[in-house]
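# Reading the structure
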Amino acid sequence: MKLFLNLSLFLCITFLKAQEHISSFDAITLTYKFHPKFFLYGEGQLRGNEDYTYPDYYEIKGGLGYYLTKNHKPFVGIGRYVNYKSHSLSREELRVWLQDVIDIKKGIVKFENRFRVEKSWFYEPQTDKSSQRMRYRYRLNVSVPLNAKEVKKGTIFANAYDEVFLVSSMKPTFARNRVYGGFGYQIDDYIGIATGYLWQREFEASGNKNLHFIYLALNINIDGTKHPVKTYEYPGAD
């Protein structure tokens, strides 16, 4: 608990010092477990990168996951990602990815290790330019319930993670770093909410760039298997 309080204090201080701009990061996710071993996942996002009140980016994505074990979940996904600049469409992206998620629990603390490989195809309509990219991501996500021994209906939990992004055949190779800290609340057996602060550092050839997001998410979990033990999934800012 002391660790998370100190982390929250650090993130608040960092946020107050960050005067470049404040961006919005809003998401809704749906996880549907339709088989004891398989689940579907879908997500929609809106972000305001330049102006908090005006979304200039959206994404729609989804995929199929498999419970290799209770704490090991391979996944394959596909998504569409769209950027706007000065209210005009500036870039479209089609992305497919493979990922592996391995959870480790120590007492009430869960450590989620996520490894992802992505292939993207880009098109910029204003210049009629097409390009491709391979990207590799690793995220260590730590969550802990604050008023219970496990996440269930009525549970408040803290969540923090760090994620690194690497790209191949591009400079700089270390392209991005994300750090997140926040809290969530499981309203009932199906719906949970989360909010927090996300700092994103872009390492670009022309100079580094910082983004400061206020994150808000609605997470919906549906277990169609009627399994007696409920599993709660929290995708986090992605």
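For every chain, the first residue of the written sequence is number 1, and numbering continues from 1 along that sequence. Local features in this predicted model are restricted to residues whose pLDDT is 70 or higher, and side-chain atom pairs enter the listing and the counts only when it is 80 or higher, whereas totals over whole chains, interfaces and linings include all residues. Here the side-chain values reflect all heavy atoms present in the structure, with hydrogen atoms and water set aside.

## Focus on unusual backbone geometry
Despite not being glycine, Ser86 shows a phi value in the positive range, around 55°. The secondary structure listing takes helices from DSSP runs of H or I that are at least 4 residues long and strands from runs of E that are at least 2 residues long, numbered from the N terminus. Relative to the helices and strands, Ser86 resides in the loop between strand S4 (72-85) and strand S5 (88-106). Located in the positive-phi region is Asp128, a residue other than glycine, with phi close to 55°. Mapped onto the secondary structure, Asp128 falls in the loop between strand S6 (109-124) and strand S7 (129-145).

## Some remarks on the environment of Leu40
Secondary-structure assignment places Leu40 in strand S2 (residues 38-48). Buried means the residue's accessible area, taken with a 1.4 Å probe over protein chains only, is under 20% of the maximum for its type, while exposed means over 50%, and partly exposed covers the values in between. On the basis of relative accessible area, Leu40 is assigned to the partly exposed category, the value being 40%. In what follows, residue pairs with any heavy atoms lying within 4.5 Å of each other are defined as contacts. Among residues more than four places away in sequence, those in contact with Leu40 are Leu30, Thr31, Tyr32, Phe34, Gly63 and Leu64.

## Thoughts on the nonpolar core
Definition used in this section: a nonpolar core is a set of buried Ala, Val, Leu, Ile, Met, Phe, Trp, Tyr and Cys residues joined via side-chain atoms within 4.5 Å. Of all hydrophobic cores here, the largest spans eleven residues; its members are Phe25, Ala27, Tyr161, Tyr180, Ala194, Leu198, Leu211, Phe213, Tyr215, Ala217 and Ala237. The set of elements that each furnish at least two residues to this core consists of strand S1 (23-33), strand S10 (191-202) and strand S11 (209-223). Residue contributions to this core peak at four residues, all from S11. Judged by nonpolar contacts, the second largest core, of seven residues, contains Phe39, Tyr41, Tyr57 and Tyr67.

## Some points on the pattern of salt bridges
The working definition used for a salt bridge is a side-chain nitrogen of Lys or Arg within 4 Å of a carboxyl oxygen of Asp or Glu. In the structure shown here, the tally under the stated rule is 19 salt bridges. The salt bridge involving Asp103 is made with Lys73; its shortest N-O contact spans 2.9 Å. With Asp103 in strand S5 and Lys73 in strand S4, this residue pair connects regions lying 30 residues apart in the sequence. Note that Arg133 is salt-bridged to Glu93, the shortest N-O span being 3.5 Å. In this pair, Arg133 sits in strand S7 while Glu93 sits in strand S5, placing the two residues 40 residues apart along the sequence. Residue classification places Glu93 among the buried positions, given a relative accessible area of 7%.

## A few points about the sheet that holds S4
Spatially, eleven strands are ordered S1-S2-S3-S4-S5-S6-S7-S8-S9-S10-S11 in a closed barrel, and the strand pairing comes out mixed. Neighbour-to-neighbour, the strand axes of the sheet open up by a mean angle of 20°, direction not taken into account. Any two strands with at least two DSSP bridges between them are considered paired. To obtain each axis, a line is fitted to C-alpha atoms, and for helices this fit is confined to the stretch in contact; angles are then taken between N-to-C directions over 0 to 180 degrees.

## Brief notes about the packing of aromatic side chains
Here the aromatic set is Phe, Tyr and Trp, taking the six-membered ring for Trp, and pairing holds for ring centres within 6.5 Å; pairs whose planes are under 30 degrees apart are stacked, those over 60 apart are edge-to-face, and all others are tilted. Within the structure shown, the criterion is met by 13 aromatic pairs. Plain terms: the ring middles of Tyr41 and Phe75 are 6.2 Å apart, the flat faces sit at 75° to each other, and that makes the pair edge-to-face. Residue Tyr41 is found in strand S2, and its partner Phe75 is found in strand S4; the two are separated by 34 residues along the sequence. We classify Tyr41 as buried; its relative accessible area is 15%. Clustering of aromatic rings is evident, with ring pairs tying together Phe25, Tyr161, Tyr180, Phe213 and Tyr215. Definition used: whenever NZ (Lys) or CZ (Arg) falls within 6 Å of the ring centre and also within 35 degrees of the ring normal, the charge is taken to sit over that ring. Across from the ring centre of Tyr161, 4.9 Å away, lies the NZ or CZ of Arg139, which sits over that ring. When the ring centre of Phe165 is taken as reference, the NZ or CZ atom of Arg176 above it lies at 5.1 Å.

## Overview of the side chain of Glu93
Within the local environment of Glu93, its side chain forms a polar contact with the side chain of Arg95, the two groups lying 2.7 Å apart. Those residues in contact with Glu93, other than ones at most four positions away along the chain, are Gly79, Arg80, Tyr81, Ser120, Trp121, Phe122 and Arg133. Definition of a polar contact: a pair of N or O atoms within 3.5 Å, with one able to donate and the other able to accept a hydrogen when the atoms are protein atoms, and with sequence-neighbouring residues admitted only if both atoms are side-chain atoms.

## Description of the environment of Ile191
Counting through the fold element by element, Ile191 comes out in strand S10. Sequence-distant contacts of Ile191, defined by excluding residues within four places in its chain, comprise Gln186, Leu218 and Asn219.

## Remarks on the pairing of S4
In this structure, strand S3 (residues 57-66) lies alongside S4, joined through nine bridges in antiparallel fashion. The residue bridging Gly63 from the neighbouring strand is Gly77, located in S4. The turn joining S3 and S4, which pair antiparallel and follow one another in sequence, is formed by five residues. Pairing of S4 with S5, which is carried by 14 bridges, proceeds in the antiparallel orientation. Paired with Phe75 across the strands is Gln99, a residue of S5. Linking two consecutive strands that pair antiparallel, namely S4 and S5, is a turn of two residues; a positive phi of about 55° is found at Ser86 within it.

Geometry only, nothing functional implied.
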